[in-house]
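The primary structure of each chain is shown beneath.
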Amino acid sequence: MRWRIAIFAVFAVTGLALATWASRMPAIKAALGIDNSHVGAMLAAAGIASIVGLSLATPVLARFGARRSMLTLMLAYAAGVAVIGVGTEVLASYPLVIAGLVLFGLGSGCTDVIMNVEATEIEQLAGKTLMPLFHAFFSLGTVLGAGAGILAVSWGVGVLGHAVAVAVAIAVIAVLAIANVPRRQAVEPGTAEPGTAWRDRLRVSLSAWAEPRTYLIGVVMLGMSFAEGAANDWLALGVVEGHGGEETLGAVGLTVFSVAMTTMRVLGGPLVDRFGRVAMLRLLAVSAAGGLTLFILAPTLPLVLLGAALWGVGASLGFPLGMSAAADDPARAAARVSAAATIGYVAFLAGPPVLGAISETIGLLNTLWIIVGLTVASGLASGAARPLRPADPS
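Thresholds, definitions, all that
Residues numbered from 1 in each chain as written. Predicted model: local features only at pLDDT ≥ 70, side-chain atom pairs only at ≥ 80, totals over all residues. Heavy atoms only, no water. Helix = DSSP H or I, 4+ residues; strand = E, 2+ residues; numbered from the N terminus. Contact = heavy atoms within 4.5 Å. Areas by Shrake-Rupley, 256 points an atom, 1.4 Å probe, with all protein chains shown as cover. Axes fitted to C-alpha atoms, helices over the stretch in contact; angles between N-to-C directions. Parallel < 35°, antiparallel > 145°, perpendicular 65-115°, else oblique. Left-handed = near helix turned anticlockwise from the far one by under 90°. Expected span 1.5 Å × (residues − 1). Bend = angle between axes of the 7 residues up to and from the residue. Nonpolar A, V, L, I, M, F, W, Y, C, P; charged D, E, K, R; others polar. Salt bridge = Lys/Arg side-chain N within 4 Å of Asp/Glu carboxyl O. Buried < 20%, exposed > 50% of the residue type's maximum accessible area, 1.4 Å probe, protein only. Phe/Tyr/Trp six-rings, centres within 6.5 Å; stacked < 30°, edge-to-face > 60°. Core = buried A, V, L, I, M, F, W, Y, C linked by side-chain atoms within 4.5 Å. pLDDT = per-residue confidence, 0-100. Patch = residues over 30% accessible without salt bridge, like charges linked within 9 Å, V, L, I, M, F, W, Y side chains within 5 Å.

A. Inspection of the overall build of the protein at higher detail. Of the regular secondary structure elements, the protein holds 14 helices and 0 strands. Counting from the amino terminus, the protein carries its helices and strands in the arrangement α-α-α-α-α-α-α-α-α-α-α-α-α-α. The principal-axis extents of the C-alpha atoms in the protein amount to approximately 60 × 50 × 35 Å. Sequence-distant contacts, at least 24 apart, represent 82% of the contacts inside the protein between residues at least 6 apart. On the protein, roughly 16,200 Å² of surface is accessible, and the fraction owed to carbon and sulfur atoms is 70%.

So, in structure tokens, the structure goes:
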């Protein structure tokens, strides 16, 4: 139980760290005197660093094990948050803020894979679906981080004080949480003997990229990651510009989506255990595609909000259940989770900017039809998430 609580805390703190700097981006932009193109470059740097961190997770976990890796990486991204604060208010340095975002991206991206590997092991030991609940804690962390950002702004707390306080909190929670993670060998069980050369273990771990099932699970995660990322960046604007709603209604639409997604993540585990992973993924793909279609075509704002809710429900479990499927075989859990997560996160990070560029030509609501198609593809690929039989290597 303490191990489970510890990983819940790691998920929540990772979401908190992300929301901390994201919630202060307007203040960071104003303090540095930069324009939107510079902000875009900062976000791109953080995104690229996150993808690099995802790719490094497999060798890091194979070499150092979960405890040492997560503690070091969490302290690294806590330091990254603090560096963002120093770069913003103490030195007013754009390059230093980018350096903080890169440090955050590397640490959080690598942590993301390792914490998901830990969560899948806990899930398998428990004998029931827990991954959606772990991801609900990540969502809760982002809500807490955004709320703390609102309070910091309303109380006149600067970016430096806010960032350093959160960085210290992350470091303390990291030490306390990792102390409750079991000590295990720095090698995936069943992959190689502990005495095997590290390069040989790494080569075996990277073999996940040669498995067709990994890519099909990646399609499931890609479609739903696009759906989630597009909502975070474009849903509010779609309400305002696409349907003529007021700015407050745009915020309400995004809130409806977020609440629906988080609620489904809290409640989803028992439903998956009752109806099966594949059936739930297909049902949720229908919900996501139907919700998006309603959001695009709805003639009234109440129906737009209903579409946002169905969209949120549908996008809720694709990523966590994809992680569960990738980790079905404990012998190669880290490698497969890393590969599938990389596909999903590339979609999550790169998707919204691509959609923004396309929307300049065909309009925002018309662009969302692309997401409808991707969620349909996600549903069609869901059969790959069927739990592996013990003797099934792929």
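B. Structural context of the packing of helix 8 (residues 212-243) against helix 12 (residues 318-326). The interhelical angle for the contact between helix 8 and helix 12, taken along N-to-C directions, is 165°, at an axis separation of 8 Å. Of the possible angle classes, the one that applies to helix 8 and helix 12 is roughly antiparallel. The two elements helix 8 and helix 12 cross, and the hand of that crossing is left-handed. Along the contact surface, helix 8 presents Arg213, Ile217, Val220, Met221, Met224 and Ser225, while helix 12 presents Gly318, Phe319, Gly322, Met323, Ala325 and Ala326.

C. Region of interest: the side chain of glutamate 228. Counting through the fold element by element, glutamate 228 comes out in helix 8. With near-sequence residues (within four places) excluded, glutamate 228 lies in contact with Phe257, Met261, Arg265, Ala315 and Phe348.

D. Representation of helix 3 (residues 36-90) in the model. Look at helix 3: only 22 Å from first C-alpha to last across 55 residues, short of the 81 Å you get at 1.5 Å a residue. Along helix 3, the helix axis deviates most sharply at glycine 65, where the bend reaches about 115°. One or two positions beyond helix 3, positive phi appears at alanine 92, with a value near 45°.

E. Structural context of the packing of helix 8 against helix 11 (residues 301-315). Where helix 8 contacts helix 11, the two axes come as close as 10 Å, and the packing angle between them is 170°. On the basis of the axis angle, helix 8 is roughly antiparallel to helix 11. Contacts between helix 8 and helix 11 involve Met224, Ala227, Glu228, Ala230, Ala231, Leu235, Val239 and His243 on the former and, on the latter, Leu301, Val304, Ala308, Trp311, Gly314 and Ala315. For the contact of helix 8 with helix 11, the per-class residue count stands at 11 nonpolar, 2 polar and 1 charged.

F. Main features of the pattern of salt bridges. For the structure shown, the criterion picks out 4 salt bridges. Among the ionic pairs, arginine 265 bridges to glutamate 228, the shortest N-O distance being 3.4 Å. In this pair, arginine 265 sits in helix 9 (residues 247-275) while glutamate 228 sits in helix 8, placing the two residues 37 residues apart along the sequence. The residues arginine 265 and glutamate 228 share a single accessibility class, namely buried. Put simply, Arg213, Arg277 and Asp328 are held in one network by salt bridges that share partners.

G. The arrangement of the packing of aromatic side chains in detail. For the structure on display, the rule yields 7 aromatic pairs. When the ring of tyrosine 77 is compared with that of phenylalanine 104, the centres are 5.9 Å apart and the planes differ by 75°; the resulting orientation is edge-to-face. One end of the pair, tyrosine 77, is in helix 3; the other, phenylalanine 104, is in helix 4 (residues 94-126), with 27 residues separating them in the sequence. Every member of this aromatic cluster is reached through a ring pair, and the members are Phe8, Phe11, Phe134 and Phe137.

H. Local environment of the nonpolar core. In this structure, Ile7, Ile28, Met42, Met70 and Phe134 are the most contacted members of the largest nonpolar core, which totals 76 residues. Of the residues forming this core, the biggest block, 15 residues, is contributed by helix 3. The contact partners of phenylalanine 134, leaving out residues within four places of it in the chain, are Arg4, Ile7, Phe8, Phe11, Ala119 and Ile122.

I. Representation of the confidence of the model for the protein within the structure. Predicted confidence across the protein gives a mean pLDDT of 86, with 91% of residues reaching 70 or more. Across residues 186-195 the pLDDT falls below 50, and counting only partners more than four positions away or on other chains, this stretch makes 29 contacts in the model.

J. Here's a closer look at a nonpolar patch on the surface. On the surface, Val164, Val168, Val172 and Leu176 cluster together into a nonpolar patch covering about 330 Å² of accessible area. Within the element layout of this structure, leucine 176 appears in helix 6 (residues 159-178). A relative accessible area of 55% means that leucine 176 is categorised as exposed.

K. Examining the environment of methionine 74 more closely. Summarising the element assignment, methionine 74 is placed in helix 3. Residues methionine 74 and glycine 107 lie 33 residues apart in sequence; the distance between their C-alpha atoms is 6.3 Å. Apart from residues lying up to four places away in sequence, methionine 74 is in contact with Val10, Val13, Thr111, Ile170, Ala174 and Ile178.

L. Region of interest: helix 8. Of all the bends in helix 8, the largest measures some 55° and sits at tryptophan 234. Positive phi appears at glycine 244, one or two residues downstream of helix 8, with a value of about 70°.

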